[in-house]
Amino acid sequence: MDAISQKVEEQYVSNSLFTGGFNSITRAHLMDKVIESETNHPQMAGSKGSSCAIPGCDAKVMSDERGVDILPCECDFKICRDCYLDAVKTGDGICPGCKDPYKSLDLDEVVENRQPLSLPPPPAEMSRMQRRLSLMKSTKSVLVRSQTADFDQNRWLFETKGTYGYGNAIWPKGGGLEAGKDDDVVDPQELMNKPWRPLTRKLKIPAAIISPYRLLVFIRFVVLGLFLAWRVKHPNEDAVWLWGMSVVCELWFAFSWILDQLPKLCPVNRATDLNVLKEKFEMPSVNNPTGKSDLPGIDIFVSTADPEKEPPLVTANTILSILATDYPVEKLSCYVSDDGGALLTFEAMAEAASFANVWVPFCRKHDIEPRNPESYFNLKRDPYKNKVKSDFVKDRRRLKREYDEFKVRINGLPDSIRRRSDAYHAREEIKAMKLQRQKTDDEPVESVKIPKATWMADGTHWPGTWMSSSAEHSKGDHAGIIQVMLKPPSDDPLHGTADDARLIDLSEIDIRLPMLVYVSREKRPGYDHNKKAGAMNALVRASAIMSNGPFILNLDCDHYIYNSEAMREGMCFMMDRGGDRICYVQFPQRFEGIDPNDRYANHNTVFFDGNMRALDGLQGPVYVGTGCLFRRIALYGFDPPRSKEQPGCCSCCFPGSKKHAKASEENRALRMGDSDDEEMNLSLAPKKFGNSTFLIDSIPVAEFQGRPLADHPAVKNGRPPGALTIPREPLDASTVAEAISVISCWYEDKTEWGNRLGWIYGSVTEDVVTGYRMHNRGWKSVYCVTKRDAFRGTAPINLTDRLHQVLRWATGSVEIFFSRNNALLGSSKMKFLQKIAYLNVGIYPFTSIFLIVYCFLPALSLFSGQFIVQTLNVTFLVYLLTITVTLCLLAVLEIKWSGVELEEWWRNEQFWLIGGTSAHLAAVLQGLLKVVAGIEISFTLTSKSGGDDENDEFADLYIVKWTSLMIPPLTIMMLNLIAIAVGVSRTIYSTTPQWSKLLGGVFFSFWVLAHMYPFAKGLMGRRGRTPTIVFVWSGLIAIIISLLWVAINPPQGSTQIGGSFQFP
């Protein structure tokens, strides 16, 4: 296929909507228009162009990257793709205009009459996948030798006069493609003498902080042991039941604290060097003379399911931030998974692609941060700071106006689609009535009822979910859909021109856009689609066929890229020495729209800045569902390179087998499970990956492209520099058709998808389980904290929504505990402290059982007049003081090495108790009922009041929605308040008041109430609607009434009020 035919095919693919699935034929529907508004960017589907000159054909003429018509004949006869193919195949290659034969010219010759220098093309008879594999196979012998420390690849290429090409890394001085004489080859002495620089550094916590921290952990551990031993040996004979419950709870709290504390003993910080990354991968050198980017490709996944719950404008802003990110355009591909199959999401993505035509070049021209237009235009700081270009103010004003119009179009899409569908439906009804009248000879007929379809902008039925659900057009029953919104960009930069017709001057600015693909997997009744995990696995397979980026970044639809260099920072870890053993790079989650006081600990900084940094010092942080850069082959279930064989029971008797395993380990790239094959057994691949040969063939290519550079003898399993500078293959219809087949509902049947491959099924927290499986196979992960937040998203600030979020997390943890993903069943490849961390993930919800009992103990103590100990003696007080002081000192030191503020730490402690007595307890009950009885319980919401103030940014904070999760903490609060009143009144009116027991009970009651304060504040709603003073007076009145009741009906034997205070 020549260059013109490739471009013809590629644009046909980008202008077609591909559908298909179970028991249906894969179809390509050519769309004249995708959205109502006009599309200008030549990469976008449905872009405008000249009409075909063939009589009776109104299709669009092919165009290049700038939108200029591609005219294959010198007579400039305008012809569309289909007519051109007909002329080539059936018309003997004769131009319909001048009747002369077409000439086989390169595309650049057609447009600009120039022939660029290119790499030698592979043989024409090779298939698409064979061309991909040829790059990897040609370098295999070099790779094997480069993994030994006594072999210098650059020196070998120099001594053998190697030339630039597939697998070679030296470019002749003359620029030719043939090896010249000795003096024609660049001397690599400069490269060999240059010191090797790492891409990342590990920054250890200062010893002045971490050493006292570890010492305090040990001291508190010892004191806890002594305290619990003392508690067991000194029961309260007057209230054995109270003592017994408290001791059991304290034993569990100590166990839970150990599980939480042990993984925190080795926290680390990391730093990246983007300058070194640029120098190694994007600067001209003897290995890469053209300076083209040698960085590997990244496929970005954005998941959404319901446009009513996830506004399309939010998703569109996330897409725009991805398209404008600072990474080589030709190496990026963005896939939007619409699990609801909604036309609203489809057209919103098309509008985002159209607006990207001006937004992305504007960001590149003026180096804008953040590159989410909604966030950028709402910045409260000075937008003109550090902007040096004279036309910035004018450009920004124009973009702001364009974005306002873009928002109007997005927000108006629901009404636009509804009106359009109603109009087409009325027309179809009229046609049906006319047809029926013709058949009945104008006799009176009943009104004709036809299904109310949802119509696309080009006047055809939407193949996904209709607004009025119908057979094969509902959320759980629709065909698979793939639409290439933005086709793959050209390999070379495409600079804009100072055209007056453009909105802004884009001269010397690259106007290319990354590939954007809309995907909605097929859904049919009777199939378990596995929610988000199933959608992610469908994207993994479709992207492997269409772009096959060796790395995958997954984002929620409300998490946008806040730092345009975030992917470069993550790539520093993947491309550094030893980076081939890293399965994913997890970025911290940062949130916007949180109330300034962070009432419900929505920022979760103790977890993201404390626990995750600590896990980074072990085997790596857990996967938290978004903002994570994956290595593709790690998702495919393969073991990491150079994974050590664990000695078995016979290893001492057969040392030779161990030696053989060690020798083959260096060259093993793809290994799964216990297989000893050096390469993946392709005969078993269909049982694991499915029957797509495209998908199976793409696996070794992704593995090869994801390797770090072999630029140092210590780099194992590396690839030659310059191997990824070749252009990607153009998309064709057969490729997209294959992608349609792998997103069908039946594809995963009898495969290992969701069991060992991809995102793991069977838990509502599929993210934690997926990360656990990778760590269990011996992979490592890395925590990347950037100076500027990498990503930002939204979090629920409403109390009820927050509790239900925590309920979902806790339910997933309970499911993990009762499944084979329990860390107690982990393999020996996982580090011990990493197992402890994962064990804590599955156990922490069970702490709620003991926590809720312990929160009731102060009230029970005050009601009964007893305490958890016989007397408040000095020994108990010393133990209590030591445990409390060490806890506070540990918190201070943890704040020092994690960077968490004291207020954030206290908010986290408060919500830990609130969540532990509500959502965690419900999750445990839900999990036990599901495991034991197979009963599933869902906690529903009932809105009691709503926030109607649109001017208040935090209006959701004051919305009160009743949920059954609020019952336990509300009961704890009321019981402790009443118990304080009863205890005080009893002591005051008692003849022999026991002030020591009262003080103990009141102290612990106030400890509970202090933690419950945010919960109580959430129940108050907005200030002004339910004044705080009302609740204060309510408490005072309750106390007064209690005192009056005791005065009216005093205890028996009481003769005076009060008594003497006695303290041991």
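As the structure is a computational prediction, the values presented were derived from the model and not from experiment.

Peer 1: Just give me the short version of the overall build of the protein chain, but keep the residues and values in it.
Peer 2: Counting its regular elements, the protein chain contains 34 helices and 17 strands. Burial status across the protein chain gives 54% buried among its 1064 residues. Excluding contacts between residues fewer than 6 apart, the proportion of contacts in the protein chain whose partners are at least 24 apart in sequence is 77%. Accessible surface for the protein chain amounts to roughly 47,300 Å². Of this, 57% is attributable to carbon and sulfur atoms.

Peer 1: So what's going on with the packing of aromatic side chains? Which residues, and what values?
Peer 2: Inspection of the entire model under this criterion finds 44 aromatic pairs. Ring geometry for W230 against Y879: centres 6.3 Å apart, planes inclined by 50°, an arrangement best described as tilted. Here W230, found in helix α8 (residues 207-233), pairs with Y879, found in helix α28 (residues 874-898); they are 649 residues apart in sequence, far enough to count as distant. Neither W230 nor Y879 differs from the other in exposure class; each is buried. With 5.1 Å between their ring centres and 85° between their planes, F346 and Y518 make a pair best called edge-to-face. A residue pair is termed long-range when its members are at least 10 positions apart, and F346 in helix α12 (residues 343-366) and Y518 in strand β8 (residues 515-520) qualify at 172 residues. Accessibility classification places F346 together with Y518 in one group, the buried group. Here a set of aromatic residues connected by ring pairs shows up, and it is made of F355, W359, F362, Y376, F377, F392, Y403 and F406. The ring centre of W753 lies 5.0 Å from the NZ or CZ of R541, which sits over that ring. Above the ring of Y562, the side-chain terminus of R788 is found at 4.0 Å from the ring centroid.

Peer 1: Go over the nonpolar core, please, and point to the residues and values.
Peer 2: Of all hydrophobic cores here, the largest spans 142 residues; its most connected members are I482, M546, F630, Y636 and F689. In terms of residues, this core owes the most to one element, α8, which gives ten residues. In this structure, W462, M567, F573 and C784 belong to the second largest nonpolar core, which totals 82 residues.

Peer 1: Give a detailed account of the sheet that holds strand β11 (residues 582-586), specifying residues and quantitative values.
Peer 2: Two orientations exist for strands paired in a sheet by backbone hydrogen bonds: parallel and antiparallel. Within the open sheet, the ten strands sit side by side as β2-β1-β7-β8-β6-β5-β9-β13-β11-β14. Their pairing is mixed. Of all strands in the sheet, those bounded by a partner on one side alone are β2 (24-30) and β14 (780-783). Averaged over all adjacent pairs, the angle separating strand axes in this sheet is 20°, with direction ignored. Both strand β5 (residues 298-304) and strand β9 (residues 551-556) contribute to a ladder of six bridges, which runs parallel. If you follow I300 over to β9, its bridge partner there is L553. Most of the contacts of α12 go to strand β7 (residues 480-486), to which it runs at about 15°, and overall it touches β1 (16-21), β5, β6 (332-338), β7 and β8.

Peer 1: Lay out empty space enclosed by the protein in plain terms, naming residues and giving numbers.
Peer 2: Taken as a whole and judged by the stated rule, the model has ten cavities of 30 Å³ or more. Looking at the second largest cavity, its volume works out to about 70 Å³. Around the second largest cavity, the lining residues are Y854, L857, P858, S861, F867, I868 and F1004. Split by residue class, the lining of the second largest cavity holds six nonpolar, one polar and no charged.

Peer 1: Could you give an account of a nonpolar patch on the surface, naming the residues involved and the relevant values?
Peer 2: Taken together, the side chains of L215, F218, I219, F221, V222 and L226 present a nonpolar region at the surface, about 560 Å² in accessible area. Topologically, I219 is positioned in helix α8. For I219, a relative accessible area of 34% puts it in the partly exposed group.

Peer 1: For the sheet that holds strand β12 (residues 590-592), give the residues involved together with the corresponding values.
Peer 2: Spatially, β10-β15-β12 is the arrangement adopted by the three strands of the open sheet, whose pairing is mixed. Lying at the two open borders of the sheet, with one neighbouring strand each, are β10 (560-561) and β12. Of the pairings in the sheet, the one linking β12 to strand β15 (residues 791-794) comprises three bridges and is parallel in character. Bridging across to β15, E592 finds its partner in T794.

Peer 1: Mind laying out the side chain of S564, listing which residues take part and the relevant values?
Peer 2: Looking at the secondary structure, you find S564 in the loop between β10 and α17 (566-575). Not counting chain neighbours up to four residues away, the residues in contact with S564 comprise T325, D326, E369 and R371.

Peer 1: Now, about a positive patch on the surface: what can you tell me, with residues and values included?
Peer 2: Residues K202, K204, K780 and K831 make up a contiguous surface patch of positive charge. Checked against the element boundaries, K780 lands in strand β14. Judged by relative accessible area, K780 falls into the partly exposed class, the value being 38%.

Scoring rules and cut-offs
- Residues numbered from 1 in each chain as written.
- Predicted model: local features only at pLDDT ≥ 70, side-chain atom pairs only at ≥ 80, totals over all residues.
- Heavy atoms only, no water.
- Helix = DSSP H or I, 4+ residues; strand = E, 2+ residues; numbered from the N terminus.
- Buried < 20%, exposed > 50% of the residue type's maximum accessible area, 1.4 Å probe, protein only.
- Contact = heavy atoms within 4.5 Å.
- Areas by Shrake-Rupley, 256 points an atom, 1.4 Å probe, with all protein chains shown as cover.
- Phe/Tyr/Trp six-rings, centres within 6.5 Å; stacked < 30°, edge-to-face > 60°.
- Lys NZ or Arg CZ within 6 Å of the ring centre and 35° of its normal.
- Core = buried A, V, L, I, M, F, W, Y, C linked by side-chain atoms within 4.5 Å.
- Pairing = 2+ DSSP bridges.
- Axes fitted to C-alpha atoms, helices over the stretch in contact; angles between N-to-C directions.
- 1 Å grid on protein atoms, 1.4 Å probe; cavity = no way out; pocket = protein on both sides within 12 Å on 5 of 7 lines; lining within 4 Å.
- Points joined across faces, edges and corners; volume = space filled by probe spheres on them.
- Nonpolar A, V, L, I, M, F, W, Y, C, P; charged D, E, K, R; others polar.
- Patch = residues over 30% accessible without salt bridge, like charges linked within 9 Å, V, L, I, M, F, W, Y side chains within 5 Å.
- Salt bridge = Lys/Arg side-chain N within 4 Å of Asp/Glu carboxyl O.
- Lys, Arg positive; Asp, Glu negative; His and termini not counted.
- Charge placed at Lys NZ, Arg CZ, Asp CG, Glu CD.

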